Structure formats: C-alpha cells, structure tokens
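# A look at the structure
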Amino acid sequence: MWDTYSSGEDKAPRAKIGRIIKWSILAVMSIVIFTIAGNQAVNLVLNASEFGYVYSKTLFYSITSGLALAAIGFVRINALSRHSMVWYTISLLSRFVRRSDLEAPSKPVRYEDFHMTPLSFGLWQATKVAILAPLFANIGFGMAMAYMSEGKDIGISNIGSIFSLPFVNVPLDGGFARENVVPAMPTLALLMPALIGAIGTRLLVYVGISGALNVASQYMVDAAERKPKFLSYISTMEIIVGTAVFWAGFTMFFSPGIDFNTKYLITGALVFGGALIFYGVMDKRRSRVIIFPTKKNIYLRLATAVAVVAVVGSIAAVNLSIAEAKKVEWRGPYISQEIAVNRNIAGLDQINIVNYDVKPPNLVQASIPSIVNANQDTLNNIRLWDQEAASLKLKPELGQRNDIVFADTDMLRFSGTMYWTGVTTPKLPDSVAQGTEWFNEHLVYTHANPSFKMLEANTGNIVDESKFFPQERTYYGESGNEGVFSHNWSAYPVGRTTSDEVSQFFYNGTGGIDVSPPISWMFEPNFMLSYPGTPIHIMRYKDIHDRMDLLYPYFVYGFAFSDDDTVAPVFHRTGVLPVTDGKNTYWLMPLIAALDTSHVPWGSPFMLRLVGYSLIDSYNGSVKIIVTGNDTFSDIFYDQYKNAGATREVPHWLNQQIRYPEEMFSWQIAKFNRYHVTDAKTFIEARQFYEIPKDGSKDIPPYYITTKPQGFKSPQFVGFQSLELSGSTTKNLVGYMIVENDLPTLGKMTFYSVPLDSTTKLIGPSAAREALEKDKEYKNVKTLLQGNPRVGENILYRIGEQEVYFIPVYTANTPGGVVSQIGTIAAVGASVTGTFNVGLGDNPIQAFENYLLKAAGQQPTQVMSGQAANGLQAPTTDAQDRITSVERIFSKSGLQVIKPTTISAPLEFREAAPTYKVEADFELVQQAVAKFIQEHPSDNGKVYEWQDGNNTNFGVLKVVGGIVENHYIAIEVS
C-alpha cells in the first residue's frame, strides 16, 4: 500500500520541522544552563577574590566532605559485574525510542545481564561522585576529617564502647554514661550522622532499589518467555527486607532511647535480618532449578518471623509490665544515664546552685532611710522602660526620614548604664518613582545614617548616640523586615567624581571588590549599557547574617521558636549587638554551633555550643573571629582557623559591652528545667520539673538588667530568668537563674533555689501583677491616668534583703498619642507570707520607700500619678524631694554638687528657667538640665547650688577674658 510518510514529498518537510523543534529545545536548554552556570561561576570567582582564604576553606571542607560521603553512598565496587541502574534505564528508553512500527520488538534485557565496559564503569563512578557531592556536602564532617588528618583525636577510639551499652547491666549512677558515652560524643555528633546517612543511602540504592529493579527486569524477561521464576524474585526480596531489618538493628546501638528492652530488639533484628539474608542466598541458589518455593520453605520463613517476633515481643511486654511496677529499679538506671548525658550536653554541671532562704520583710520605720541609702546604686538603675515603650519613644527621633527604619531595638550598656538602642537600616522610600527602583536600591540608598538612636533604660531620656558611636554610617548591618540589606548589593563606578549615594556621600572603606568588564556585565547586565567600559565597585552580602552564613556556615544564625505546638514556629535571627572600640562600630554576633546528637545514646536531638563571637565592621564588612569556647568543636574550629585570623583573645574594650547570648541562655534553662533533677526516682515522679512563667500564652523571655543578687558585692549586668514549678497552680517561683556577662566570668550561671517547703513564698510575675491590680491605692491612681494605661514588664530585683518587683505603668503623653511616658511606678514585694505590700511612686526610690513603709505597717507618702485625668495635675512630693531629684541628675553626669552660702559674679547668665512643681514636670527638667550640662560644661567638675526665693539655682563658674561668668539654670520648685 501507498505510505505517504514513506514518500519523498512528506518525509523531508516533517524531518525539517522535527530538527527545528529539537534544536530549539536544545538552544533554550543551553541558554538556561549557561545563564545559571555563568551566574554561579561569577559568584564563585567574586567570593574567592573578595574573601580569599576564609572562603576557600569553607569550599574545601564542602568539596572534600561531599566527595567522601558521595563515594561511600554511590561508588560501586563490583568491578566484575559493572552494573549501573542509570545506564540500564537509559538503554531501555533508548531501545524503546528507536523502535519503529515495522521493527520486531527486541528481547528485553535483564538488569543483571547489563554490563558496562571497564572504562565506562570507572568514569561513571567518578561522574556520580562529582555530580552528587554537593548533595552530601557536610562542612562539619569535612572540618573534623581535616582535623583528624593532622593526627589529632576527637574520641573516635571510644566508639567501640557504644556497642556494649545495650548488653551491660547499667548501674543506677550517671557516671557510667560519663565514662562510656561522653568521651565518644564528639565523634557521635560530628562523624556518625553523616556516615550513617551515607551508608543508609547506599543500602537503599544498591540493595533496595537495585534489587527491585533486578526483580522487575527479570520478571519482564521471564514473562516474555512465559517462564516466571517466583522463587528467584522472592529470594531477592528476602535479601532486601533482611538487609533493612539488619540495618535497623545496627542503628539501634546509636539510639537515644536505649533501655532494658533494647538488647532484645537489637538481637531480634540482627537475628531475623541475618536469617532473611541467609534464606535469600539459599533460595537464590535453588531458583536456578526450582521455580516455585516449597511449602516447607514458606512455613520455615513464616515460623522464623513468628518466633522472633513472639520471643522478642513477649520479653519486651513482660519487661514493660514489670517496669511499670518497678520503675525505679528498671527504668532508674537508664534515666540516670539520660540525665548525665543531657547535663553534659547543656553544660549544666557548671551551674552553681545556691540555696536561697527567702525571708519575709521584717522592718521598722527607723531603718527605712538607711536601707534606701544603702541601695541607691541599684535603685538608680532600675530598668523602667521595656522594649515596646522604648521603641515607641525612639521612632519620632527619625524625624521626617523615609529612607531609614529601625531594624531592631537592643539593650546595650556603657559605664554601668543600660541603653535601649534602635538599630537603623536603609529603606527604599515608598515614593520612589516606578522604573527607578533598580537605580535607587543599588546606587543611592546604600547605607544608614545615623546608624543608631538611644535612650536610657532607667530614665527614658534620649541621649546623643554620637558620644557612644562616632562611626555614623552603616554599610553592613541588619535588615529587619523592610531594609534593603537583605536582598540587595550596592555599587558605584570606580573613579567617580560625583556620588549618587544618599547625601552624596563618597564611600572610602575597604568593603567590596572592584569588578571589571566583562565580569561586571555578567554580574549585572545593566552595567553593560550604563558602564560598558568602567570597572564597578560592588559591595555584596550587606546583611551581616547572610555574610556570616557565607563565610562561616558552621553556625546557626537564626532560631525557630513556638509557644504552641499547633502552629508553625516563628523564625528569629540570632541576636547581634552593636559595639564600639571608641572609633569604629562593630556587630557582635555570637557563633553558636548546633550539633546533631540524635545518634548519641540517651542524648537529645541536638546540642548548642557557644564557640565564640564575631566582630563585623559595620563600615568595611571585615570579620574578626574570637573563640571563647573550651569544648571539642571549639578546639577544632580554632585549630583550623587560627591561620585565618581567629584568636582566643578578647579585646579589652569589649569587656564591658559583651553579652552572653539570649539563645544559649534560654536553651540551657530549658534543659535545666528538666535535668536539674539528678535523682532517678524524683525524675520519674516528675514532681520537681520547672517551667518559665508566662505572660498570657507566651513564655516571659530573659531580662538583661543591672542588679545585685545575693553574694554579689556590687550591681552587675546579668541575664535574669525566673522559674516556676511545672504544672503548679500557685505560680510561685522556685527560684531564678542569672548569667554573668563580664569577663572572665562570661557565661557563668547561678540558680538561686527557693526550698519547696519554705514558709515564705517568692511570688511569680503573674501574682505580682495581680497584687498590683488589686491594690486600692493603685486603683485610685489608675483612674487619674490619661488614655488606656499599659502595665509594663514586672522585673524582680533584690534590693538589700528585699525581693521586689518594679512595675512601670505607661501612658501616652498626649491624648490619642503613641509615645509612652511613665505615669507611675509600683514596687511589689515578692517575698510574702500571706500579705501583699505594694508601694507606688514617681521614681523607683519613692516606690521602694513606700513599699518599705507598708511592710513596716506605716502609711506611705502621698503619691499621685504624673498625669491626672482631664488635664488636672495632682500634688506630688515636697520641694526637698524635687531638689534631690535634680541634684541626682548632675551627680549621674559626673558633677559634684557644691552648696555655698552665697555666690556672686560680675556677670550672670540665666540659661533656662524650668518649673518643677509636679512630677509630670520632671522629664522637661531633665531635658533642660542635660542641655545645660552639654552647652556649659564645668571646668572643675563642680556645679554650685543656691536658693533664690522659690527657685533653686545650679550654676558653673567660668573665666572668660579675665572676667568670672556665672552661667546657671533656675528651677522653680515651690
């Protein structure tokens, strides 16, 4: 018959169209591959050029670990058979595609009959490793291997003891785990997860998938010949299942849940898996002549499975039944090992536990003034402004700027004073014209200026940030939710004579790299048209988290937290702090390594290690590594990076600015809440576990405050976290944990433990707030506060022998306003025997004094809020108290207040005359005094005070042109 397709008139055009389609597809694929590969190649070249040795080390560990693990997982060693699943599949597809309708169907080829040539086989093994290496890259594994290659030990010789753990009689003593598990922990955390993963992948591919493919191909051939060999198929499946069961039994040696039944489960898995493999091998031999399995063989295999499951299941069930009745005897030894391992993982053995004897307030009125005076240092540094109130007050400081926003608000300390510091980041204004976004993102809004805004955490006073951070511009920093650092690079043409940067600033730092054409064109095609022959200076990875993740990917730079298991965790970036050496500004970023301890017997899924800190220059982007950890991973990291500039010396200027990371503190407390219990019986009873107090449904985070806990000679800047008994309805505190932040005791933790049988209770934050809300005096004051008052943080302080919560109550400074100010301050006694004492005041000293008066059975001084309802002002403290408050402002500024009988000068200048009659005036007085001190500094460190009618004057004397001038501020106080 006539076939139009076979005729010449149709064949040529169809072939031509087919070739066009084929070549078009190939062209598109080539362009996509070239673009992706070219972009990656450019980034690789730029990274190597800009970051040099540091980047090359990371690349080296990634490549070597990937190659080693990929080789373990995928390199075949059967040089005689030379099978390949990939090429076998390709050959089948090729045969199917090439087959025409007129051709007779070719005979299927069995997988086991497919062989590659020796050369092709060897090249394919190398190709697989090269292709799959990036998927298996594990830089921690690579760094550990490099460390071991230098002849250094990470405890690999201790691995042998792990195989005996399920079969020994574990004593009721955690020392057993400390002796047998802890020494092997570095190997178990750094090497075993990657090795077990690679070996498991190999078994899955070359036993499971390869075996299934072999069965399928053999069945197709046998079915075509109408000679199915069911015994052969069954033998292969027996080997696959047996290998899986055997491997599962082997991995139980590295299970965190080893107990009295583990040895039976391991034995049963190994025996049953080994038996199935043996049966599979024997059936494979018999399948050469036998097609169907005999009933005897089927019954034998079923009997083996039933016997193993029955014996192991029976033993396990009996043991579980006995263990329910004798939990301490049976579960106690394993619980003891779990406690010991997890205490080591979290470093809980280094926590100092102090038995804290809480005493009720036992006061007489005559002792109150001396108590207040003796604790002025702590009372003057109470953290009254929380993060929310500080953020609201700092926002107006940005003025009319729409090109910077706050990325974060951090707590800093300088010279013993705490400051809330708003960190700014550049933002593309919403008013930027459409079509100019690329230009503005990359060439205009390149940096933030000013970098910070600051206020005192105890007074709420705005301070001049330039006194602390002389370096005003940030080119590398945090992004927040709106900043451009997170997804943009910035650039400028080399040799520019005019600047497109905001405020026409010329960057003159060392950050970034000069990129010449055509590399600059490949990096950004727009440069091909805009700057075809000009080198471009490009600054990349401007978000410091992205920058560190590129250079030091061994550490975690974000954590996921969730207060509810039913919702997705919320991701938070690792907390960073701005610090300064007096000239340059740096970002202090903790280097926290999260190591996989899921294969550590009696361990937890992971452990955190604080390796040290990085100092990232905010202007130049350079990174300095400081290693402070003393664990094995820290030693490995320091050994590998000491030639790259890592140091164990902390700069002296950082001593008073460094801080223990909140992430580490919170994680260790979470471990402590459970594993502070070292007695197995008490642990099983679960009556003494702790938990973090909640504010609503959320855990109250740690506070960083300046306080003087029991045993401290002076106030210290510490991290503070109160703890309650888990599940308790009383919500009293079982104690609180502090962590020190000064060198050389950085990270030292102390838990002040309240005995459970103490007659005096230490109430929790929720009880303190409830006591405040029920206080009659507070109810009266609350009615006078404008708007909807917000109760701030209730932070526990130890003032002398008193445990007191200080609770600020915020109001808006204008009706409907959003900027907070403090309406009143409450001091709530935390140590109670049944009576709650609440003192109110316009400052912490007054609130504490009124609390002491109530505790002594006396009436407090009259206190009204700083703002009264309907704009009416209420009476406040007497004139002398107000004068004392003003004197304290000068004293905190380092000036000595001198009170001469009279004072006169040829020339007198009254610089300001604020009124201070009610407490609401205090903030304006503070601002006036601060401005006076700044504009008229004292030459001798003294300020003179004298009275003039209703005014109290504070002045400084200066000699100008040989004439004494008196510059003073007059404050009307009565």
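Residues numbered from 1 in each chain as written. Predicted model: local features only at pLDDT ≥ 70, side-chain atom pairs only at ≥ 80, totals over all residues. Heavy atoms only, no water.

Now for the overall build of the protein chain. Of regular secondary structure, the protein chain possesses 26 helices and 33 strands. Along the first, second and third principal axes, the C-alpha atoms of the protein chain reach 125 × 80 × 55 Å. Burial analysis of the protein chain (974 residues in total) assigns 50% to the buried set. Taking the contacts inside the protein chain whose residues are at least 6 apart along the sequence as the reference set, 67% of them involve residues at least 24 apart. (Helix = DSSP H or I, 4+ residues; strand = E, 2+ residues; numbered from the N terminus. Buried < 20%, exposed > 50% of the residue type's maximum accessible area, 1.4 Å probe, protein only. Contact = heavy atoms within 4.5 Å.)

In space, the four strands of this open sheet follow the order E11-E12-E13-E14, with antiparallel pairing throughout. Because the sheet does not close on itself, it has two edges, and the strands there are strand E11 (577–580) and strand E14 (623–627). Averaged over all neighbouring strand pairs, the angle between strand axes comes to 35°, with direction disregarded. As paired elements, strand E13 (residues 606–617) and E14 share five bridges and run antiparallel to each other. Paired with Gly-612 across the two strands is Val-627, which belongs to E14. (Pairing = 2+ DSSP bridges. Axes fitted to C-alpha atoms, helices over the stretch in contact; angles between N-to-C directions.)

Moving on, we get to the pairing of strand E6 (residues 490–493). Residues Ser-490 and Tyr-492 of E6 are buried on one face, and the alternating residues Ala-491 and Pro-493, pointing to the opposite face, are buried as well. Relative to strand E8 (residues 536–539), E6 runs antiparallel, the two being bridged by four bridges. What sits directly across from Ala-491, in E8, is Ile-538.

A word on the packing of aromatic side chains. Inspection of every chain in the model, using the stated rule, returns 60 aromatic pairs. Judged by centre distance (5.9 Å) and plane angle (75°), the rings of Tyr-356 and Tyr-736 are edge-to-face. Taken together, the positions of Tyr-356 in the loop between strand E1 (352–355) and helix H12 (368–374) and Tyr-736 in strand E20 (residues 733–740) put the pair 380 residues apart, joining distant regions of the chain. Summarising the burial analysis for this pair, Tyr-356 and Tyr-736 share the class buried. One aromatic cluster is present, formed by Phe-60, Tyr-61, Tyr-552, Tyr-554, Phe-555, Phe-633, Phe-637 and Tyr-641 through successive ring pairs. Positioned over the ring face of Tyr-638 is Arg-648, at 5.0 Å from the centre of the ring. (Phe/Tyr/Trp six-rings, centres within 6.5 Å; stacked < 30°, edge-to-face > 60°. Lys NZ or Arg CZ within 6 Å of the ring centre and 35° of its normal.)

Turning next to the sheet that holds E6. Reading across from one edge, E6-E8-E7 is the order of the three strands in this open sheet, with antiparallel pairing throughout. One side of each edge strand has no neighbouring strand; the edge strands of this open sheet are E6 and strand E7 (513–515). On average, each strand axis in the sheet is inclined to that of its neighbour by 30°, with strand direction left out of account. In this structure, E7 lies alongside E8, joined through three bridges in antiparallel fashion. Considered in E8, the bridge of Val-515 is made with Ile-536.

Okay, a nonpolar patch on the surface next. Residues Tyr-219, Phe-230, Ile-234, Ile-291 and Phe-292 make up a contiguous nonpolar surface patch of about 460 Å² in total accessible area. Positionally, Tyr-219 belongs in helix H7 (residues 192–224). (Patch = residues over 30% accessible without salt bridge, like charges linked within 9 Å, V, L, I, M, F, W, Y side chains within 5 Å. Areas by Shrake-Rupley, 256 points an atom, 1.4 Å probe, with all protein chains shown as cover. Salt bridge = Lys/Arg side-chain N within 4 Å of Asp/Glu carboxyl O.)

Attention shifts here to unusual backbone geometry. Cis geometry marks the peptide bond from Asn-449 to Pro-450; its omega dihedral reads 0°. Along the chain, Pro-450 falls in the loop between helix H15 (437–444) and strand E4 (452–456). Omega for the peptide link from Leu-743 to Pro-744 comes to 5°, which places this bond in the cis form. With phi around 65°, Ser-503 is a residue other than glycine that occupies positive phi space. Structurally, the position occupied by Ser-503 is in the loop between E6 and E7. Positive phi values are uncommon outside glycine, yet Tyr-541 reaches one of about 50°. Given a relative accessible area of 25%, Tyr-541 falls into the partly exposed group.

In this structure the tally under the stated criterion is 33 salt bridges. A salt bridge links Glu-777 to Lys-854; the shortest N-O distance between them is 3.6 Å. A residue pair is termed long-range when its members are at least 10 positions apart, and Glu-777 in helix H23 (residues 776–784) and Lys-854 in helix H24 (residues 844–855) qualify at 77 residues. Here the salt bridges share partners, and the residues they tie into one network are Glu-150, Lys-152, Asp-639 and Lys-642.

On to helix H14 (residues 387–394), then. Buried within H14 we find Ala-389, Ala-390, Lys-393 and Leu-394. Projected down its long axis, H14 shows its buried positions confined to an angular sector of 130°, all on one face. (Arc of directions from axis to C-beta.)

Moving on: the packing of helix H25 (residues 879–892) against helix H26 (residues 922–935). Packed helices, taken two at a time, are described by the angle between their axes plus the distance between the axes. Running from amino to carboxyl end, H25 crosses H26 at an angle of 35°, the nearest separation of the two axes being 10 Å. Handedness of the crossing formed by H25 with H26: right-handed. Residues Ser-885, Val-886, Ile-889 and Phe-890 of H25 lie in contact with H26, whose contacting residues are Phe-922, Val-925, Gln-926, Val-929, Phe-932 and Ile-933. Partitioning the contact of H25 with H26 into residue classes produces eight nonpolar, two polar and no charged. (Left-handed = near helix turned anticlockwise from the far one by under 90°. Nonpolar A, V, L, I, M, F, W, Y, C, P; charged D, E, K, R; others polar.)

Quick look at H26 now. Spanning 14 residues, H26 covers 20 Å between terminal C-alpha atoms, matching the ideal 20 Å at 1.5 Å per step. Those residues of H26 not exposed but buried are Phe-922, Val-925, Gln-926, Ala-928, Val-929, Phe-932 and Ile-933. Around the axis of H26, the buried residues are gathered within 165° of arc, so they sit on the same side. Exposed side chains of H26 directed beyond 90 degrees from the buried face belong to Leu-924 and Gln-934. Buried residues in H26 make contact with H25, strand E30 (907–912), strand E32 (951–960) and strand E33 (963–972). (Expected span 1.5 Å × (residues − 1).)

Before going further, it helps to examine the nonpolar core. Judged by nonpolar contacts, the single largest core of 201 residues is most densely connected at Tyr-552, Tyr-554, Phe-555, Phe-637, Phe-806 and Phe-848. In this structure, Phe-806 is in contact with Leu-379, Ile-382, Glu-793, Asn-794, Ile-795, Tyr-797, Ile-799, Ile-825, Ala-826, Ala-827, Pro-844 and Phe-848, ignoring residues within four places of it in sequence. Counting 18 residues, the second-largest nonpolar core is a separate cluster that includes Leu-895, Val-929, Ile-933 and Ile-969. (Core = buried A, V, L, I, M, F, W, Y, C linked by side-chain atoms within 4.5 Å.)

With that out of the way, let us pick up the pairing of E11. Of the two faces of E11, the one holding Leu-577 and Val-579 and the one holding Pro-578 and Thr-580 are both buried throughout. In this structure, E11 lies alongside strand E12 (residues 585–596), joined through four bridges in antiparallel fashion. Opposite Leu-577, over in E12, you have Leu-588 as the bridge partner. Taking the residues between adjacent antiparallel strands as the criterion, E11 and E12 are bridged by four residues, where Gly-582 takes a positive phi near 95°.

So far we have only geometry, and geometry alone does not tell us how the molecule works.
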